[in-house]
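Descriptive structure summary
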4 protein chains.
Amino acid sequence: MTHTERRQRLRRLFAGSQCLIPASVYDPISARIAESAGFEAALFSGSAASAVTLAAPDINLLTLSELAAQAARISRASTLSLVIDADHGYGNALNAMRTVQELEWAGAALISLEDTVIPVPYGRALTDVDLISQEEMAGKLRAALSAREDPALMIAGRLSGLAVEGLERTVARARAYAATGVEAIFLLKPTGLAQIQAVHEASGLPLIVALAPPAISRTDMARFGVRVASQGHQPLAASIKALQETYAALARGATAEELKGSIASHDDMRKVMRSEEYRKWHAEFMGGKQPPNI
Amino acid sequence: MTHTERRQRLRRLFAGSQCLIPASVYDPISARIAESAGFEAALFSGSAASAVTLAAPDINLLTLSELAAQAARISRASTLSLVIDADHGYGNALNAMRTVQELEWAGAALISLEDTVIPVPYGRALTDVDLISQEEMAGKLRAALSAREDPALMIAGRLSGLAVEGLERTVARARAYAATGVEAIFLLKPTGLAQIQAVHEASGLPLIVALAPPAISRTDMARFGVRVASQGHQPLAASIKALQETYAALARGATAEELKGSIASHDDMRKVMRSEEYRKWHAEFMGGKQPPNI
Amino acid sequence: MTHTERRQRLRRLFAGSQCLIPASVYDPISARIAESAGFEAALFSGSAASAVTLAAPDINLLTLSELAAQAARISRASTLSLVIDADHGYGNALNAMRTVQELEWAGAALISLEDTVIPVPYGRALTDVDLISQEEMAGKLRAALSAREDPALMIAGRLSGLAVEGLERTVARARAYAATGVEAIFLLKPTGLAQIQAVHEASGLPLIVALAPPAISRTDMARFGVRVASQGHQPLAASIKALQETYAALARGATAEELKGSIASHDDMRKVMRSEEYRKWHAEFMGGKQPPNI
Amino acid sequence: MTHTERRQRLRRLFAGSQCLIPASVYDPISARIAESAGFEAALFSGSAASAVTLAAPDINLLTLSELAAQAARISRASTLSLVIDADHGYGNALNAMRTVQELEWAGAALISLEDTVIPVPYGRALTDVDLISQEEMAGKLRAALSAREDPALMIAGRLSGLAVEGLERTVARARAYAATGVEAIFLLKPTGLAQIQAVHEASGLPLIVALAPPAISRTDMARFGVRVASQGHQPLAASIKALQETYAALARGATAEELKGSIASHDDMRKVMRSEEYRKWHAEFMGGKQPPNI
């Protein structure tokens, strides 16, 4: 499936009436497994990228090059329609243009840029959230849109300031971001359905929502334009738990035999690595000998 | 811990009398967790590198650049002494020189090169094992040694042909490889202790062994010079099992709440990402505000 | 200009009746200048890639990752239709599939794969040319074609064995390569027009020719299907001569003033770096202040 | 020559009494030629890195990953002691720590960080220079020093605000930066010797100076602690002029023969690519056949 086709599939999801839970993916293997589980769309966030590339917290230590390279690896290994949360676009509006160009080449279906000051400024706490002005963000989004080459690629503006600026200012931003021509709004941490509704109505755009309270049903979110609702990065955290248990067992002297029940089988590994496909290519292009297995 | 110090630590292990099970690692997170579990030495194999980078089987599709970049990410995230199984050195003897140079910069403590024809030649099955001549392999090892810059870095020659050439030829190779000046021999799939003993005595070198029958005890292996005994890549397979279960649950509609028991806690995630360390650096270098958490 | 449009432009050139001299390019700056000089198509060869990335001779030390990354940098900096001489596809037929995938993403308009054994085998001289069998090469080309995603991308088979196998065998290979579905043949070092004619007629395909004797006119080559005729890598060699003279002068104590006549002017530098374009973007997206210059 | 030895050589230059003109280098080939011309130290600047990687002006579009990768390629191709002008450290103090780590691995002998706000903030012109506070810069330099692993590596603080803040504030900054423990000060665009003297005396540190008026003699600079005086990037500009002339000639139909006088000879190319060295390695490690040439 070409990158354009993956983008068109995501556009169809956004044009529909359902609210989708995307797979949170972070590397080729997670993407491969998510796709096998039936997911069509996935979220690749800056926090997951930082974790898997640097084993560092989400404080903007990752470079755009690292994000784009990992996105390309994920795109290569799967056909998921990839929603990339590209932080603040890695600098000012001109950097945001590079961000769009790099992530478009890496196969992104949707790129979201947020309105926070990143990395955290001197004298502020790591958890402080400062916002750039509405005008600056609008310029950034216009820059991002101008840098897009494939018209099927979607650009979203992310509202990260609900908790610090309140609903009124956030709605004004939603309206201003929508006016730039972006095709979706990413709303972080709404605390109630009314906020979702207000942002949707002000922007007239489909929404991506992250970290909404579990009490808000997907049906309700769908009614107010939410098409993608992220509920966190459980797969990475599940992998980490499995690794903690496995290394601890091995450190205690557990044998391969003892661990058999808690690890993927040889057949499962072959399926994840698409060994059968490589076996067919080998048979077809390498002189016809059928290898039994790889 | 500098790269040289990590190499010196591995040398002490090789100079000792114990047989160590190394942690099998494949990315920064796995390395971080392995280190926390108490491992000092780790194995990073071409097969794991191929899996995590390409989600592809171990058929030499990975490039040296990809292997080295992932090794560097692992080295940056941990202080493990890293044993890198660098396949055939990514080409001929001159390529093997580049392999050593790239992996040395990436922080390898030991680099192992094997004596197989890679990638599989035309007309052969994917599972066929063909060996390069003893002379060619000796040339490759001499080239590798000449490319090493830090004298603390160890180079090992890997014997991959026991099953196809038999013990006598394998022992002759062990002797020839040792004569090049390599400081360890990597023996693949010995079927009995006598083979290990023969290779150890012929080479006079410490051994790395992979895929030995579980019936051979580590104590026995240690007696015949085995210093590192790999028993496979359980951590990666455990991570894959966890991902399969998690994506399947999410695809069935499981909520974040329902998955809580099977994923790492927020505190565990913070520990793996070394958030506390970043928090301290932030407090020290960014104007003194103490962030509560990241 | 999208990658697909660049490919379509090259296809029009191949469908025409002219023989084109491509610009030999090797990095973003050379590509930018070649484009400004009026070139529409460019050749990026493995030898130039090795030189600019490693400062090493063309003996296959470069990795596919390095070639693809440099090709992407060139594509990003210009809209040239890029003919990439991708050596042997960096391994066997399955590696050739990855080569096509990587270079397609990097923006290649045409990818050529050659029929030589690379890197040079043990026991052979660096200048020896050994060929893989016709069957193996045909398998490789079929594999390459199957890995192509954008149908506008062209794949060529390169005949490198004229000097070692003679015309008859080379013509048979041309026929066999054409039968795989490749859309061009790359003929290395023809010594006369009759060879070009024979390969063109046997394959029925447009030709790329490198290192033809200067006595053969482009008009004559065009008559026998040659659409692209490389005459070497003068730009890189010109750059090297300029660097040698400049560093030598600086080492002798030459001042900036004394070197003024032999270096590009500030205005020329701004033109190559497209400073005016960035200035406009800045004015448009960064709050309206008109910077005088960058 | 190891990275540490290259650093120690630079330290000896800084401990001496001479003012050195460094070679301005930007890629492996330029570094190779500079080294052949007799240079021992070289300057690799963000502007040159941006030009060669992106063909873009020096407006902080380059990522740290790209800078570090190009620095590593330069280090691999030469033994120059590399002074890297690493802009603002690619973010805040925590990003500066990564910058030091990445560039140390890439072989830097000295890393300089500057006190400007980069990239240019919204609402400002591309040519405006804004400075971070003295306290913030001191924090950044302390962070950089804490991230250094090899004690032989030097860190410098760059004063970029002489023109906007005046001498008094600049001298105060010099004193504050020196108090962090950095071992050199980089002074941009001094307009007279008195400024150099004032900064040297306030900091008590050796100086790197760029863009000083040609009227100030190196002898005078040396007297006031200047150890490295950059006079610009003539080699890159010379290469660009040569490329412009060569592509223009080729576009007009010039033949390879006609260009012979203006390009490096085959022998010169072989020297730059160190072909003879590879030929020796081939003879030594690949079975003994002496290739005539590569």
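Look up a bit, the structure's there.
Anyway, here's the lowdown on the structure attached to this text.

Further remarks concern the sheet that holds strand E8 (residues 226-230) of chain B. Hydrogen bonds between backbone groups are what pair the strands of a sheet, and the pairing can be parallel or antiparallel. Pairing within the open sheet is parallel, and its eight strands lie in the order E1-E2-E3-E4-E5-E6-E7-E8 (chain B). The sheet terminates laterally at strand E1 (23-24) and E8 of chain B, the two strands that pair on one side only.

Moving on, we come to the environment of C:Ala15. Of note, C:Ala15 is situated in helix H1 (residues 3-15). For C:Ala15 and C:Pro206, which are 191 residues apart along the polypeptide, the C-alpha to C-alpha distance reads 8.0 Å.

Attention shifts here to the interface of chain B and chain D. Contacts between chain B and chain D engage 27 residues on the former and 26 residues on the latter. For the pair chain B and chain D, the two sides together bury roughly 2100 Å², of which 66% comes from carbon and sulfur. A per-residue breakdown of the area chain B buries against chain D is headed by B:Arg76, B:Trp105 and B:Phe285, which together make up 34% of the total. At the junction of chain B and chain D, the tally comes to two salt bridges. The closest approach of N and O atoms between D:Glu102 and B:Arg76, which form a salt bridge, is 2.3 Å. Mapped by element, the contributors of at least two residues to the side of chain B that touches chain D are helix H4 (64-77), helix H5 (93-105), helix H6 (134-147) and helix H13 (275-285) of chain B.

Another aspect to go through is the sheet that holds strand E3 (residues 81-85) of chain D. Residues and elements named next belong to chain D. Spatially, the eight strands line up as an open sheet ordered E1-E2-E3-E4-E5-E6-E7-E8, and their pairing is parallel. Taken across any chain shown, the strands that pair with only one partner, and hence form the sheet edges, are strand E1 (23-24) and strand E8 (226-230). Where strand E4 (residues 110-114) and strand E5 (residues 154-159) come together, five bridges link them in parallel fashion. Paired with Ser112 across the two strands is Ala156, which belongs to E5.

The subject of this paragraph is the environment of D:Met1. Mapped onto the elements, D:Met1 comes out in the segment before helix H1 (3-15). Judged by relative accessible area, D:Met1 falls into the partly exposed class, the value being 40%. Along the primary structure D:Met1 and D:Gly91 are separated by 90 residues, whereas in three dimensions their C-alpha atoms are 32 Å apart. Other than its neighbours up to four places away in sequence, D:Met1 contacts B:Glu149, D:Arg6, D:Arg9 and D:Thr79.

Between the two copies, chain B and chain A, the superposition gives an RMSD of 0.0 Å; the rotation angle is 180° and the shift along the axis is 0.0 Å. Taken together, these values place the two copies in the relation of a two-fold axis. Residues of chain B ranked by C-alpha distance from the rotation axis are headed by B:Ser239, positioned 2.3 Å from it. The residues that chain B uses at the interface reappear at the interface of chain A in 100% of cases, marking a shared surface.

Turning our attention to the nonpolar core. Judged by nonpolar contacts, the single largest core of 381 residues is most densely connected at A:Val25, B:Val25, C:Val25 and D:Val25. Those residues in contact with C:Val25 that lie beyond four places of it in its chain are C:Ser30, C:Ala31, C:Ala34, C:Ala42, C:Leu43, C:Phe44, C:Ala48, C:Ile74, C:Leu80, C:Leu82 and D:Tyr247.

Opposite charge on two side chains permits them to pair, given that their charged atoms come into close proximity. Taken as a whole and assessed by the stated rule, the structure comprises 79 salt bridges over all chains. Between A:Arg173 and A:Asp115 there is a salt bridge, and its shortest N-O distance comes to 3.7 Å. Here A:Arg173, found in helix H7 (residues 162-179), pairs with A:Asp115, found in the loop between strand E4 (110-114) and helix H6 (134-147); they are 58 residues apart in sequence, far enough to count as distant. Under the relative-accessibility criterion, A:Arg173 is labelled buried at 3%. The class of A:Asp115 is buried, set by a relative accessible area of 0%. Here B:Glu276 makes a salt bridge to B:Arg279, at a shortest N to O gap of 2.8 Å. Here B:Glu276 pairs with B:Arg279, and both are found in helix H13, just three residues apart, close to one helical turn. For B:Glu276, a relative accessible area of 32% gives the class partly exposed. Residues joined by salt bridges that share partners form a network here, namely A:Glu66, B:Arg76, D:Arg98 and D:Glu102.

With that settled, the discussion passes to the interface of chain B and chain A. Contacts between the two partners involve 76 residues from chain B and, on the opposite side, 76 residues from chain A. Taking both partners together, chain B and chain A bury about 6400 Å²; carbon and sulfur atoms supply 70% of that area. For the chain B face of the interface with chain A, the top three residues by lost area are B:Ala55, B:Leu126 and B:Tyr247, together amounting to 11%. On inspection of chain B and its partner chain A, the count reaches two salt bridges. Across the pair B:Glu66 and A:Arg76 runs a salt bridge, and its minimum N-O distance is 3.9 Å. Linking chain B with chain A are 13 residue pairs in polar contact (both at pLDDT 80 or more). Elements represented by at least two residues in the side of chain B that touches chain A include exactly E1, helix H2 (28-36), helix H3 (46-54), H4, helix H10 (234-251), helix H11 (256-259), helix H12 (266-272) and H13 of chain B. Sorting elements by how many residues they give to the side of chain B that touches chain A places H10(B) first, with 16 residues. Residue composition of the side of chain B that touches chain A, grouped by class: 48 nonpolar, 17 polar and 11 charged.

Given 3.6 residues per turn, any residue in an α-helix points the same way as the ones three and four places further on. Residues and elements named next belong to chain D. Helix length check: helix H7 (residues 162-179), at 18 residues, gives a terminal C-alpha distance of 19 Å against a target of 26 Å (1.5 Å per residue), a shortfall beyond 12%. Within H7, the full set of buried residues consists of Leu162, Thr170, Val171, Arg173, Ala174, Ala176, Tyr177 and Ala178. Residues of H7 that are buried in the fold lie against helix H6 (134-147), E5, strand E6 (184-188) and helix H8 (193-203).

Moving on, we come to the relation of the copies chain B and chain D. Turning chain B through 180° and shifting it by 0.0 Å along the axis lays it on chain D, with an RMSD of 0.0 Å. A share of 96% of interface residues in chain B that are also interface residues in chain D marks the association as one of identical surfaces.

Taken N-terminus to C-terminus, the directions of helix H3 (residues 46-54) of chain C and helix H2 (residues 28-36) of chain D make an angle of 60°; their axes are 5 Å apart at the nearest point. Relative to H2(D), H3(C) is oriented oblique. Side by side, H3(C) and H2(D) meet where C:Ala51, C:Val52, C:Thr53 and C:Leu54 of the first sit next to D:Pro28, D:Ile29 and D:Arg32 of the second. Considered class by class, the residues forming the contact of H3(C) with H2(D) number five nonpolar, one polar and one charged.

What follows concerns the pairing of strand E7 (residues 207-210) of chain B. For a regular strand, the rule is simple: side chains alternate between the two faces of the sheet. Residue and element names in this part refer to chain B. Of the two faces of E7, both are covered, the one formed by Leu207 and Val209 as well as the one formed by Ile208 and Ala210. Handedness of the β-α-β unit built from strand E6 (residues 184-188), helix H8 (residues 193-203) and E7 comes out right-handed. Once the chain exits E7 it traverses helix H9 (residues 218-223) before rejoining the sheet at E8, and the crossover so formed is right-handed.

With the rule as written, the count across this model stands at eight aromatic pairs over all chains. Ring centres of A:Tyr247 and B:Phe39 lie 6.2 Å apart, and the angle between their planes is 70°; this geometry places the pair in the edge-to-face category. On the criterion of chain membership, the pair formed by A:Tyr247 in helix H10 (residues 234-251) and B:Phe39 in the loop between H2 and strand E2 (41-45) is interchain, its members lying in two chains. Across this residue pair, the class does not change: A:Tyr247 and B:Phe39 are buried. Centroid distance D:Tyr278 to D:Trp281: 5.1 Å. Interplanar angle 85°. Geometry classified as edge-to-face. Highlighted residues: D:Tyr278 and D:Trp281, both in helix H13 (residues 275-285), separated by three residues, approximately one helical turn. Taking the ring centre of C:Phe186 as reference, the NZ or CZ of C:Arg158 above it sits at 5.0 Å.

Take the packing of helix H2 (residues 28-36) of chain C against helix H10 (residues 234-251) of chain D next. At their nearest, the axes of H2(C) and H10(D) sit 9 Å apart, and the two run at 35° to each other. Judged by the twist between their axes, the crossing of H2(C) over H10(D) is right-handed. Together, C:Ile29, C:Ser30, C:Ile33 and C:Ala34 of H2(C) and D:Leu236, D:Ile240, D:Leu243, D:Gln244 and D:Tyr247 of H10(D) make up the contact between the two elements. Residues belonging to the contact of H2(C) with H10(D) are distributed by class as follows: seven nonpolar, two polar and no charged.

This brings us to H1(C). Residues and elements named next belong to chain C. A rise of 1.5 Å per residue sets the reference length of H1, with its 13 residues, at 18 Å; its end C-alpha atoms lie 18 Å apart and thus fit the reference within 8%. For H1, the full list of buried residues reads His3, Arg6, Arg7, Arg9, Leu10 and Phe14. Seen from one end, H1 has its buried residues packed into an arc of 160°, which puts them on one side. Across from the buried face of H1, at angles greater than 90 degrees, the exposed residues are Arg12 and Ala15.

Rules used throughout
- Residues numbered from 1 in each chain as written.
- Chains lettered and ligands numbered in written order.
- Predicted model: local features only at pLDDT ≥ 70, side-chain atom pairs only at ≥ 80, totals over all residues.
- Heavy atoms only, no water.
- Pairing = 2+ DSSP bridges.
- Helix = DSSP H or I, 4+ residues; strand = E, 2+ residues; numbered from the N terminus.
- Contact = heavy atoms within 4.5 Å.
- Buried area = accessible area lost by both parts, 1.4 Å probe.
- Salt bridge = Lys/Arg side-chain N within 4 Å of Asp/Glu carboxyl O.
- Buried < 20%, exposed > 50% of the residue type's maximum accessible area, 1.4 Å probe, protein only.
- Least-squares fit on C-alpha atoms with pLDDT ≥ 70 in both.
- Core = buried A, V, L, I, M, F, W, Y, C linked by side-chain atoms within 4.5 Å.
- Polar contact = N/O pair within 3.5 Å; in protein donor to acceptor, adjacent residues only side chain to side chain.
- Nonpolar A, V, L, I, M, F, W, Y, C, P; charged D, E, K, R; others polar.
- Expected span 1.5 Å × (residues − 1).
- Axes fitted to C-alpha atoms, helices over the stretch in contact; angles between N-to-C directions.
- Parallel < 35°, antiparallel > 145°, perpendicular 65-115°, else oblique.
- Right-handed = clockwise from strand over helix to strand, strands pointing away.
- Phe/Tyr/Trp six-rings, centres within 6.5 Å; stacked < 30°, edge-to-face > 60°.
- Lys NZ or Arg CZ within 6 Å of the ring centre and 35° of its normal.
- Left-handed = near helix turned anticlockwise from the far one by under 90°.
- Arc of directions from axis to C-beta.

Such coordinate-based values are descriptive only and should not be taken to indicate function.
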